[in-house]
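For reference, the chains in residue letters:
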Amino acid sequence: TRTSRPQRILKAVQTKATVGDPQSVITAIDHFCRHREWAMNVGDEKGSILDSVVNEVSPVTVLELGTYCGYSTVRIARLLPPGACVITLEFNPDYAAIARQVIKWSGLEDKVQLVEGASGDWIPWMKEHFGVQAFDLVFLDHWKERYLPDTKLLEECGLIQKGTVLLADNVICPGTPDYLEYVRNSPHYNSQYYRSHLEYTKVEDGLEKSVFLGY
Ligand SMILES: C[S@@+](CC[C@H](N)C(=O)[O-])C[C@H]1O[C@@H](n2cnc3c(N)ncnc32)[C@H](O)[C@@H]1O
Ligand SMILES: O=C(c1ccccc1)c1ccc(O)c(O)c1[N+](=O)[O-]
Ligand SMILES: [Mg+2]
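Notes on the structure in this doc start here. All of these numbers come straight from a predicted model, not from anything done at the bench.

## Some points on the site of ligand 2
Taken together, Trp38, Met40, Asp141, His142, Trp143, Lys144, Asp169, Asn170, Pro174, Leu198 and Glu199 make up the full set of residues adjacent to ligand 2. Contact distances for ligand 2 include 2.8 Å between an oxygen atom and a side-chain N or O atom of aspartate 141. The side chain of lysine 144 places a nitrogen or oxygen atom 2.8 Å from an oxygen atom of ligand 2. When atom positions are compared with the pocket grids, ligand 2 is found to occupy the largest pocket. Per-class residue counts for the shell around ligand 2 are 5 nonpolar, 2 polar and 4 charged.

Now the structure itself:
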């Protein structure tokens, strides 16, 4: 039977990237998705913005919502200092299995906790299960209608504290209107839009960075 797109992405990594070299993994996936098959990784253009926010925040604890093949997980983890880690949630078991292998190929497994499950089920357990006090950075990149409910859930669980940075992908395309309205109108967030393009295309898209100001 036909392979899946994630399986073809993993094959591109295993044939084109060097074990232990995260940049070569990123380059291999971007080349495949630009020249062979589009896929919903954050991509190189928005990925550079993600990089700059990670470097600016220099987070100790990162939460990523939506792993897919692990492309953005590798982008984030490669910038983390020793002792820092990214917890990434993925509820599709096939995608999670591919992501584990991509993350392993990049040599970053010590900086990544991939949790197979739904954000709504796992966020309430973050403190108890992972000993997380609050997240320094949250990268929202899962189904778009979950951005707002999961942000409210993170607030309710005390996982967003003064200074926590939320970085949301796709606020224009496919779009997250209710989330955008919330963070831009809330007195508790300072929000700014980074204009870019939908991964591997000329279509407008962008990232919204929202800093929690405290209660
Ligand atoms: C756009 S892809 C993630 C891309 C990845 N962040 C990257 O840039 O390489 C979205 C992923 O979120 C997953 N997902 C969607 N809703 C979710 C939820 N509520 N909990 C966990 N994973 C979810 C989907 O299965 C899919 O793999
Ligand atoms: O929703 C889609 C989508 C919709 C239709 C077809 C393919 C993908 C999408 C597109 C670009 C993204 O960066 C992204 O994160 C997603 N997503 O699924 O979360
Ligand atoms: Mg996205």
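## Focus: the site of ligand 1
Near ligand 1 you find 21 residues, and of these Val42, Gly66, Ser72, Glu90 and Asp141 are the closest. At 2.8 Å, a backbone N or O of valine 42 approaches an oxygen atom of ligand 1. At a separation of 2.7 Å, a nitrogen atom of ligand 1 approaches a polar side-chain atom of aspartate 141. In isolation ligand 1 has 610 Å² of accessible area, and contact with the protein removes 97% of it.

## Focus on the coordination of the magnesium ion (ligand 3)
On the protein side, the magnesium ion (ligand 3) has Asp141 (OD), Asp169 (OD) and Asn170 (OD1) as donor atoms, found 2.1 to 2.2 Å from it. Sequence spacing of the donors to the magnesium ion (ligand 3): D-x27-D-N. One exposure class covers both aspartate 169 and asparagine 170, and it is buried.

## Re the packing of aromatic side chains
Working definition: an aromatic ring pair is given by the centre-to-centre distance plus the angle between the planes. Applying the stated criterion across every chain yields a total of 7 aromatic pairs. Arranged with centres 5.9 Å apart and planes meeting at 45°, the rings of tryptophan 122 and phenylalanine 130 form a pair that is tilted. According to the relative accessible area criterion, tryptophan 122 is partly exposed, its value standing at 23%. The class of phenylalanine 130 is partly exposed, set by a relative accessible area of 22%. An aromatic cluster is defined as three or more aromatic residues linked by ring pairs; in this entry it consists of Tyr182, Tyr189, Phe212 and Tyr215.

## Considerations on the layout of surface pockets
The space that makes up the largest pocket amounts to roughly 490 Å³. Together, 32 residues line the largest pocket, and Gly66, Asp141, His142, Trp143 and Lys144 are the ones closest to its centre. Where the lining of the largest pocket is concerned, the elements lending two or more residues are α4 (71-77), β2 (85-90), α6 (119-122) and α9 (171-175). Each residue belonging to the lining of the largest pocket can be placed in one class, and the counts come to 15 nonpolar, 11 polar and 6 charged. Taken as a whole, the second largest pocket spans an internal volume of roughly 160 Å³. Lining the second largest pocket are Ala12, Lys16, Thr27, Ala28, His31, Phe32 and Arg36. At the level of secondary structure, the elements contributing two or more residues to the lining of the second largest pocket comprise α1 (5-16) and α2 (22-35). Looking at the lining of the second largest pocket element by element, the count peaks at 4 residues for α2. Residues of the lining of the second largest pocket, tallied by class, amount to 3 nonpolar, 2 polar and 2 charged.

Rules used in this analysis
What you see as residue numbers is a count from 1 along each chain, following the sequence as written. Each chain gets a letter, beginning with A, and each ligand a number, beginning with 1, in the order they are written. At least 70 in pLDDT is required for a residue's local features to be given in this predicted model, at least 80 for side-chain atom pairs to be given and counted, and no such filter applies to totals for whole chains, interfaces and linings, which use all residues. With hydrogens and water excluded, all non-hydrogen atoms of the structure serve as input to the side-chain values. By convention in this text, a residue qualifies as near a molecule or strand provided that one of its non-hydrogen atoms is within 4 Å of it. What qualifies as a polar contact is a pair of N or O atoms within 3.5 Å, subject to a donor-acceptor requirement within protein and to the restriction that residues adjacent in sequence count only when both atoms come from side chains. The definitions used throughout rest on a 1 Å grid laid over the protein atoms alone, on which a cavity is an enclosed set of points accommodating a 1.4 Å probe that cannot get out and a pocket is an open set flanked by protein within 12 Å on both sides along at least five of seven lines; lining residues are those having an atom within 4 Å of a point. Grid points define the cavity or pocket, and a molecule sits in it when more than half of its atoms lie within 2 Å of them. All residues other than Ala, Val, Leu, Ile, Met, Phe, Trp, Tyr, Cys, Pro, Asp, Glu, Lys and Arg, Gly among them, are scored as polar; the first ten of these are nonpolar and the last four charged. Where accessible areas are quoted, they stem from the Shrake-Rupley method and a 1.4 Å probe; at the residue level, only the protein chains shown are allowed to cover. A donor here means an N, O or S atom no more than 2.8 Å from the metal, or no more than 3.2 Å when the metal is Na, K or Ca. Since water is not included, a site may seem to lack partners. Throughout, exposure labels follow a simple rule: accessible area from a 1.4 Å probe, protein chains only, divided by the maximum for the residue type, with under 20% read as buried, over 50% as exposed, and the rest as partly exposed. Pairing of aromatic side chains requires ring centres within 6.5 Å, counting the rings of Phe and Tyr and the six-membered ring of Trp. Pairs whose planes differ by under 30 degrees are stacked, by over 60 edge-to-face, and all others tilted. Grid points are joined across faces, edges and corners, and a volume is the space filled by probe spheres set on the points. Here a helix means four or more residues in a row that DSSP labels H or I, a strand means two or more in a row labelled E, and each is numbered from the N terminus.

Shape descriptors only; they carry no functional weight alone.
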